[in-house]
Amino acid sequence: MRLGVLDIGSNTVHLLLVDAHPGAQPVAFASHKRSLSLVKHLDDDGSISEEGQHELIDFVHEAWDFAGRHDAEDLLAFCTSAIREAENGEAVIERIHRETGVTLQELTGREEAAMTFFAVRRWYGWGREKILSLDIGGGSFEMAMGNDSLPDIAESVPLGAQRLTRDWLPEDPPSAKSVKELRRYIRSTLKPVVRAFQELGQPTLVTGTSKTFRSLARIAGAAPSAAGPYVRRVLQHTDLGIWTQRISAMSSADRVHLPGVSEARALQVLAGALVAEAAMELFHVEELEICPWALREGLILRRLDQLVFDGPLAPPDHIRPIASERRRIEMQHPAWSAQ
């Protein structure tokens, strides 16, 4: 079956289509995404502005059409901290449903952490025993640890790279004072959460997921994405510390020349590095491994597991009309199907 996952994140809105069936590894078929910083579209009261809502609805329409044209049989649509914590988040979700027919599932921070851990466990298998999964998003930072498919503990804190950049690093390049104050804030936020994890003992594997961790590992010398997902990529705490100091002295214009750093994320890579550095220090981690699977894959795999018990799914209402109309046209005009 062809399954679509629509991810409304803090930095990017992304539709991923995969071909998969229960028990098989999902294979990416196509994707459609757009850089859309919802944090930059917040009004003074924390509400998503009319302009931001318009852009978001426009992309959901694009994703709806893209999924239908590529014969998606099922579509999962979810949103994370960007909408979850907006003052008018619930109203935005209702408006999207009203104007597009797509229902966004609102994930809590702990659900994000748990589903990311679920994907990490599937990637590495049971042999890696107790896993600690770390994921830095645009609005929040998720942590989860356990021995099973789902974690024994899952937590989320408001330490996303984009959020911290907006609230704590207004200068470009940042001042030494603002960096110092942000370091202090990150550690004070993380310390009580990390203590809860320590009750479970030491993990046998620590992983980093998300674009932020991948970029930091690439900056520190890990293989590029072109090398494929099966190349082992690691991030050393000592290397991270060195590069965090270097990045803090750079402007965003200079950071775009670093490997793995896009123009869209150049401004926030320092905040992400500060969170990663603090987490590795407080968890006493000298090396973490970059996992190519994260939240989207976790939701896909969970959905496929459901099919084992529930059987084939009928296309959702927002997919069926497009897919059926396309098949009707192709039956009337066989030559079109070859295009």
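Anything mentioned here points back to the structure above.
Residues numbered from 1 in each chain as written. Predicted model: local features only at pLDDT ≥ 70, side-chain atom pairs only at ≥ 80, totals over all residues. Heavy atoms only, no water.

Draft legend 1. Quick look at helix α4 (residues 109-124). Compared with an ideal rise of 1.5 Å per residue, which puts 16 residues at 22 Å, α4 spans 23 Å between its outermost C-alpha atoms and is within 8% of the ideal. Counted residue by residue, α4 has 12 buried out of 16 residues, so it is predominantly covered. Listing the buried residues of α4 in full gives G109, E112, A113, A114, M115, T116, F117, F118, A119, V120, R121 and Y124. (Helix = DSSP H or I, 4+ residues; strand = E, 2+ residues; numbered from the N terminus. Expected span 1.5 Å × (residues − 1). Buried < 20%, exposed > 50% of the residue type's maximum accessible area, 1.4 Å probe, protein only.)

Draft legend 2. A look at the sheet that holds strand β8 (residues 153-157). Taken together, 6 strands build an open sheet; the order of strands is β8-β7-β6-β9-β11-β10 and the sheet is mixed. Either end of the sheet is taken by a strand with one partner, and the two such strands are β8 and β10 (234-236). Along the sheet, successive strands turn relative to each other by an average axial angle of 25°, direction set aside. Across 6 bridges, the pairing between strand β6 (residues 131-136) and strand β7 (residues 141-146) is antiparallel. Residue L132 lies in a different strand from β7, and its bridge partner there is M145. The strands touched by helix α6 (residues 176-198) are β6, β7 and β8; relative to β8, the strand with the most contacts, the crossing angle is about 175°. Against the sheet, helix α10 (residues 269-282) touches β6, β7, β10 and β11 (287-290), its axis set at about 160° to β6. (Pairing = 2+ DSSP bridges. Axes fitted to C-alpha atoms, helices over the stretch in contact; angles between N-to-C directions. Contact = heavy atoms within 4.5 Å.)

Draft legend 3. Structural context of the pattern of salt bridges. Applying the stated criterion across every chain yields a total of 19 salt bridges. Residue E281 is joined to R187 by a salt bridge in which the shortest nitrogen-to-oxygen separation is 2.8 Å. Separated by 94 residues along the polypeptide, E281 in helix α10 and R187 in helix α6 bring together distant segments of the chain. The network of salt bridges with shared partners includes R84, E85, E112 and R163. (Salt bridge = Lys/Arg side-chain N within 4 Å of Asp/Glu carboxyl O.)

Draft legend 4. Molecular detail of the environment of T100. Along the polypeptide, T100 turns up in helix α3 (residues 89-100). By relative accessible area, which is 9% here, T100 ends up buried. Separated by 57 residues in sequence, T100 and V157 place their C-alpha atoms 31 Å apart. Setting aside its immediate chain neighbours within four residues, T100 contacts I57, V60, H61 and W64. A polar contact of 2.5 Å, which involves the side chain of T100, links it to the backbone oxygen of I96. At 3.1 Å, the side chain of T100 and the backbone nitrogen of V102 are in polar contact. (Polar contact = N/O pair within 3.5 Å; in protein donor to acceptor, adjacent residues only side chain to side chain.)

Draft legend 5. Layout of a negative patch on the surface. Taken together, the side chains of D43, D44, D45 and E87 present a region of like negative charge at the surface. Positionally, D43 belongs in the loop between β3 (27-35) and α1 (50-69). (Patch = residues over 30% accessible without salt bridge, like charges linked within 9 Å, V, L, I, M, F, W, Y side chains within 5 Å. Areas by Shrake-Rupley, 256 points an atom, 1.4 Å probe, with all protein chains shown as cover. Lys, Arg positive; Asp, Glu negative; His and termini not counted. Charge placed at Lys NZ, Arg CZ, Asp CG, Glu CD.)

Draft legend 6. Region of interest: the sheet that holds strand β2 (residues 12-19). With respect to topology, 5 strands assemble into an open sheet ordered β3-β2-β1-β4-β5, the strand pairing being mixed. The two strands at the open ends of the sheet, each matched to only one other strand, are β3 and β5 (105-106).

Draft legend 7. Structural detail: the pairing of strand β4 (residues 74-79). β4 sits mainly inside the fold: 6 of its 6 residues count as buried. Along β4, one buried face is formed by D74, L76 and F78 and the opposite face, lined by L75, A77 and C79, is buried too. Pairing analysis gives 6 bridges linking strand β1 (residues 2-8) to β4, with the strands arranged parallel. Across the sheet, the residue bridging to L6 is A77, located in β4.

Draft legend 8. View of α10. Between the first and last C-alpha of α10 there are 20 Å, a value that for 14 residues agrees with the 20 Å anticipated at 1.5 Å per step. The element α10 is largely enclosed, with a buried count of 13 among its 14 residues. Looking at the residues trailing α10, positive phi occurs at H284, about 60°.

Draft legend 9. Region of the structure containing the packing of aromatic side chains. Applying the stated criterion across every chain, the model contains 4 aromatic pairs. Residues W123 and Y230 carry aromatic rings whose centres are separated by 5.6 Å and whose planes lie at 15° to one another, so their mutual orientation is stacked. Taken together, the residues W123 in helix α4 and Y230 in the loop between α7 (210-219) and β10 connect sequence positions 107 residues apart. Overall, W123 belongs to the partly exposed group, its relative accessible area being 23%. With 5.5 Å between their ring centres and 90° between their planes, F197 and F283 make a pair best called edge-to-face. Of the two residues, F197 is situated in helix α6 and F283 in the loop between α10 and β11; the sequence distance between them amounts to 86 residues. Across this residue pair, the class does not change: F197 and F283 are buried. The lysine or arginine in question, R246, covers the ring of W243, its NZ or CZ lying 4.6 Å from the ring centre. (Phe/Tyr/Trp six-rings, centres within 6.5 Å; stacked < 30°, edge-to-face > 60°. Lys NZ or Arg CZ within 6 Å of the ring centre and 35° of its normal.)

From the geometry alone we can't say anything about function, so treat these as descriptive.
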